Amino acid sequence: MTKVTRLFDFPYYQLENKPNASALVTKYDGKWTPMSTQEYLDKANAVSRALLRLGVQKNDKIAVISSTNRTEWNIMDIGVLQVGAQNIPIYPTISSEDYEYVLNHSESIYCFVSDEEVLEKVNKIKANTKVKDVYSFNHIEGCKHYSELFELGKDDSNQNEVQQRKDEVKPEDLATIIYTSGTTGKPKGVMLSHWNITSNVLDSSPRVPLPPNGETRVLSFLPICHIFERVLIYVYQYAGSSIYFAEALDKIGDNAKEINPNLMSVVPRLLEKVFDKIMLKGEELKGIKKALFFWAVALGEQWEPYGKNGAWYEFKLKIANKLIFSKWREALGGELGTMVSGSAALQPRLARVFGAAQMKVMEGYGLTETSPVVSVGMYDGNNYKIGTVGKPIDNVEVKIAEDGEILIKGPNVMMGYYKDSEKTSSVMTGAYFHTGDKGEIDEDGFLKITGRKKEMFKTSGGKYIIPTLLENDLKQSLFIEQIMVIGEGEKMPAAIIQPNFEFIRDWIEHKGHNIGKSEKEIAMSETVIARIQKEIDKYNKRFGKWEQIKRFELTPNAWTIDDGHLTPTMKMKRDVIKKIHQDLYDKIYR
């Protein structure tokens, strides 16, 4: 029986206990193509044999850059790790310069890319790195295809050597370096051992609502280069689930309808977009249909878990589910019972509405440095409370420091930052990792995140402002896509806002306003500004006078990853946004 202590043990465990004919499923040429557990391991072993023939040594670094999650990524992951080398996943959307930095800092000697766009960026800087060769998953003229490794590894006469290398890999050995797309400065290389991640998978698994028997279909689309999705992929492999890799972010709805997933992971920004689209459809309805739609949404906004609202509420909710929410579920495949949310704070309103619609959102908390899961909600056993990130998982200790900072201790805490012992010691006190987040543990043991230590600021009047609290509330407005609260050292808090251009265009049409529909015209429109002021006034009432947004400016463009406003996990790069929109900042304060 395989004892799981290292990352490559997961597929072997699956083969022994829950072999799956559709372990990994990717769409090629419009057709979902499954790969069995056995074939997955056969291919991974061929890759391992080929890497040995290419001279790959223990602790060599192999970079993998893929625009989408796909079967090939997982084959490479196991193939690389088995020979004692390290998999260096790189965000596909970062710049060529950042590719160069990560490839050089990690000293990667081979690089695997998914497509032409990524290849082009790698080729621009390859000469400045130690990369010997680049292989691609797609067939690209002039680039070696990764299947050449299967050819090179076809002869299994060196499988004994692969086995020897596997046996030499200890649970405490380095498995991967994850370069966090920091909101400031150069990316930090977080060193995670096999046991850091494996222990986290084993301790998180009981929280994931996978049925004990029967096939579970999972839709995977959050970047696998990020530790959140990667750990979930191992969790799914451990459970014997079928993992379907979505074609692209904008195809999630279509893919969900095709495969009827039981589970998927999300980030709040994505859920907000799904909800906004649903609300837009509701706005287009007429008469009784429209009235019913908004009655159901209003009912959903009051939802409490475990039937706490009483029998009369539950009766009305049954009707809302039959008439309205059942259509929402159909749009996501009809069988999606749970979504796991991470990477940023989730609006309680969304947790309520989707919970009412029988698609419960389990919010979790973690960091790359903690492999990542620290805590996560679970509906069974009353382990779910809206507005919290659940209870800490087994073997992970959470302590709240005197200043409110969340400290973490456990087998999941990183080995340190690669080539940066000074930075490592700055975030550790003994075995405790300093998260930089502030939080509290309530009387029932649930963890609640209250803000970022660094993001909290003082106005010139000496009043403390926690921007995330204001931002999460204001983002509930359908008119606001993104909002950044500013005002450090200034006389008052204010905001730079990216309007929800898509919703506002429909609103203009619906109301018959005489406003142009370009992003610039929307941002300059007095009518739009006045309407957003109404939203600000509404949400301001929930905050103290000193916290309220006194002024705001609208940006004439969308905030994107490509333009540098957002990290690949959709977090705001505050310094970058401020720099890009310095004119708006000056307009507010100068």
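The structure this text deals with has already been given above.
Residues numbered from 1 in each chain as written. Predicted model: local features only at pLDDT ≥ 70, side-chain atom pairs only at ≥ 80, totals over all residues. Heavy atoms only, no water.

1. Quick notes on the overall build of the protein chain
Turning to step 1, where the next piece is worked out: Looking only at helices and strands, one finds 21 helices and 27 strands in the protein chain.
Turning to step 2, where the next piece is worked out: Computed over its C-alpha atoms, the radius of gyration of the protein chain comes to 25 Å, within 12% of the 25 Å expected for a compact globule of 590 residues.
Turning to step 3, where the next piece is worked out: With the C-alpha coordinates aligned to their principal axes, the bounding extent of the protein chain is approximately 75 × 55 × 50 Å.
Turning to step 4, where the next piece is worked out: Expressed as a percentage of the 590 residues in the protein chain, the buried residues total 57%.
Turning to step 5, where the next piece is worked out: At a minimum sequence separation of 6, the contacts of the protein chain that also span at least 24 residues come to 66%.
Turning to step 6, where the next piece is worked out: The protein chain carries 78 positive and 79 negative side-chain charges, and their two centres are separated by 5 Å. (Helix = DSSP H or I, 4+ residues; strand = E, 2+ residues; numbered from the N terminus. Rg over C-alpha atoms; globule rule 2.2 N^0.38 Å. Buried < 20%, exposed > 50% of the residue type's maximum accessible area, 1.4 Å probe, protein only. Contact = heavy atoms within 4.5 Å. Lys, Arg positive; Asp, Glu negative; His and termini not counted. Charge placed at Lys NZ, Arg CZ, Asp CG, Glu CD.)

2. Points about the packing of aromatic side chains
Turning to step 1, where the next piece is worked out: For the structure shown, the criterion picks out 21 aromatic pairs.
Turning to step 2, where the next piece is worked out: Between the aromatic rings of phenylalanine 275 and tryptophan 328, the centroid separation amounts to 6.4 Å while the plane-to-plane angle is 70°, which identifies the pairing as edge-to-face. Highlighted residues: phenylalanine 275 in helix H11 (residues 268–284) and tryptophan 328 in helix H13 (residues 311–331), separated in sequence by 53 residues. Here phenylalanine 275 and tryptophan 328 have matching classes, each one buried.
Turning to step 3, where the next piece is worked out: Relative to phenylalanine 294, the ring of phenylalanine 293 has its centre 5.0 Å away and its plane inclined at 75°; by these criteria the two rings are edge-to-face.
Turning to step 4, where the next piece is worked out: On the accessibility criterion, phenylalanine 293 (5% relative accessible area) is buried.
Turning to step 5, where the next piece is worked out: Taking the relative accessible area as the measure of exposure, phenylalanine 294 reaches 27% and is therefore partly exposed.
Turning to step 6, where the next piece is worked out: Pairwise contacts between aromatic rings join Phe275, Phe293, Phe294, Phe325, Trp328 and Phe354 into one cluster. (Phe/Tyr/Trp six-rings, centres within 6.5 Å; stacked < 30°, edge-to-face > 60°.)

3. Re the sheet that holds strand E27 (residues 551–554)
Two modes of strand pairing occur in sheets, parallel and antiparallel, and in both the strands are linked by backbone hydrogen bonds.
Turning to step 1, where the next piece is worked out: Pairing is mixed across the open sheet formed by 3 strands, whose spatial order is E25-E26-E27. Only two strands of the sheet have a single partner each, and these edge strands are strand E25 (480–486) and E27. Neighbouring strand axes in the sheet, compared pairwise and without regard to direction, differ in orientation by 25° on average.
Turning to step 2, where the next piece is worked out: With 6 bridges joining them, E25 and strand E26 (residues 494–499) adopt antiparallel strand pairing. Residue pairing across strands places methionine 484 opposite isoleucine 496, the latter belonging to E26. (Pairing = 2+ DSSP bridges. Axes fitted to C-alpha atoms, helices over the stretch in contact; angles between N-to-C directions.)

4. Observations regarding the pattern of salt bridges
Turning to step 1, where the next piece is worked out: Here the structure, examined in full by the defined rule, presents 33 salt bridges.
Turning to step 2, where the next piece is worked out: Across the pair glutamate 471 and arginine 574 runs a salt bridge whose closest N-O atoms are separated by 2.8 Å. One end of the pair, glutamate 471, is in helix H16 (residues 467–474); the other, arginine 574, is in helix H20 (residues 574–580), with 103 residues separating them in the sequence.
Turning to step 3, where the next piece is worked out: Of the residues examined, arginine 574 reaches a relative accessible area of 17% and is grouped as buried.
Turning to step 4, where the next piece is worked out: With a shortest N-O distance of 3.8 Å, glutamate 553 and arginine 551 are connected by a salt bridge. (Salt bridge = Lys/Arg side-chain N within 4 Å of Asp/Glu carboxyl O.)

5. Looking at empty space enclosed by the protein
Turning to step 1, where the next piece is worked out: Applying the stated rule across the entire model yields 2 cavities of 30 Å³ or more.
Turning to step 2, where the next piece is worked out: Here the largest cavity defines a volume of roughly 50 Å³.
Turning to step 3, where the next piece is worked out: As for the largest cavity, its lining consists of Leu346, Ala351, Val361, Glu363, Gly377, Tyr384, Lys385, Ile386, Gly387, Thr388 and Gly390.
Turning to step 4, where the next piece is worked out: Residues that form the lining of the largest cavity fall into these classes: 5 nonpolar, 4 polar and 2 charged.
Turning to step 5, where the next piece is worked out: In this model, the second largest cavity occupies a volume close to 40 Å³.
Turning to step 6, where the next piece is worked out: If you trace the second largest cavity, you find it lined by Glu272, Phe275, Asp276, Gln347, Arg349, Leu350, Lys475 and Gln476.
Turning to step 7, where the next piece is worked out: Broken down by secondary-structure element, the contributors of at least two residues to the lining of the second largest cavity are H11 and helix H14 (348–356).
Turning to step 8, where the next piece is worked out: At 3 residues, H11 tops the list of elements feeding residues into the lining of the second largest cavity. (1 Å grid on protein atoms, 1.4 Å probe; cavity = no way out; pocket = protein on both sides within 12 Å on 5 of 7 lines; lining within 4 Å. Points joined across faces, edges and corners; volume = space filled by probe spheres on them. Nonpolar A, V, L, I, M, F, W, Y, C, P; charged D, E, K, R; others polar.)

6. Regarding the sheet that holds strand E15 (residues 373–376)
Turning to step 1, where the next piece is worked out: Strand order in the open sheet formed by 9 strands is E2-E1-E11-E10-E12-E13-E14-E15-E16, with mixed pairing between adjacent strands. Looking at strand neighbours, the two that pair on one side only are strand E2 (31–35) and strand E16 (391–392), the edges of this open sheet.
Turning to step 2, where the next piece is worked out: Packing against the sheet, helix H9 (residues 227–239) makes contact with strand E10 (217–220), strand E11 (242–245), strand E12 (263–266) and strand E13 (338–341), and its axis sits at approximately 165° to E12.

7. Concerning helix H21 (residues 582–589)
Turning to step 1, where the next piece is worked out: Along H21, the residues classified as buried are Leu584, Tyr585, Ile588 and Tyr589. Looking straight down H21, one finds that the buried residues subtend no more than 120° of arc, so they occupy a single side. Looking at H21, the residues exposed on the side facing more than 90 degrees away from the buried face are Asp583 and Lys587.
Turning to step 2, where the next piece is worked out: Where H21 is buried, its residues contact E25, E26, E27 and H20. (Arc of directions from axis to C-beta.)

8. Quick notes on the packing of helix H8 (residues 194–204) against H9
Turning to step 1, where the next piece is worked out: Contact pair H8 / H9: the axes reach a minimum separation of 9 Å and the direction vectors enclose 60°. When the axis of H8 is compared with that of H9, the two are oblique. For the pair H8 and H9, the sense of crossing is right-handed. Within the contact between the two elements, H8 uses Ile197, Asn200, Val201 and Leu202 and H9 uses Ile227, Val231, Tyr234, Val235 and Tyr238. (Parallel < 35°, antiparallel > 145°, perpendicular 65-115°, else oblique. Left-handed = near helix turned anticlockwise from the far one by under 90°.)

9. Topic: the nonpolar core
Turning to step 1, where the next piece is worked out: Phe112 and Trp328 are the most contacted members of the largest nonpolar core, which has 147 residues in total.
Turning to step 2, where the next piece is worked out: For this core, the element with the most residues is H9, which contributes 8 residues.
Turning to step 3, where the next piece is worked out: Apart from the residues lying within four places of it in its own chain, the contact partners of phenylalanine 112 are Ile62, Ala63, Val64, Ile65, Met76, Tyr135, Phe137, Tyr146 and Leu149.
Turning to step 4, where the next piece is worked out: Counting residues in hydrophobic clusters, the runner-up holds 25 residues, among them Ile65, Val118, Ile125 and Val131. (Core = buried A, V, L, I, M, F, W, Y, C linked by side-chain atoms within 4.5 Å.)

10. Some points on the side chain of serine 106
Turning to step 1, where the next piece is worked out: By secondary structure assignment, the location of serine 106 is in helix H4 (residues 96–106).
Turning to step 2, where the next piece is worked out: According to the relative accessible area criterion, serine 106 is buried, its value standing at 0%.
Turning to step 3, where the next piece is worked out: A distance of 2.7 Å separates a polar atom in the side chain of serine 106 from the backbone oxygen of valine 102.
Turning to step 4, where the next piece is worked out: Within the local environment of serine 106, its side chain forms a polar contact with the backbone oxygen of leucine 103, the two atoms lying 3.3 Å apart.
Turning to step 5, where the next piece is worked out: When residues no more than four places from it in sequence are discounted, the contact partners of serine 106 are Lys61, Ile88, Tyr179 and Tyr418. (Polar contact = N/O pair within 3.5 Å; in protein donor to acceptor, adjacent residues only side chain to side chain.)

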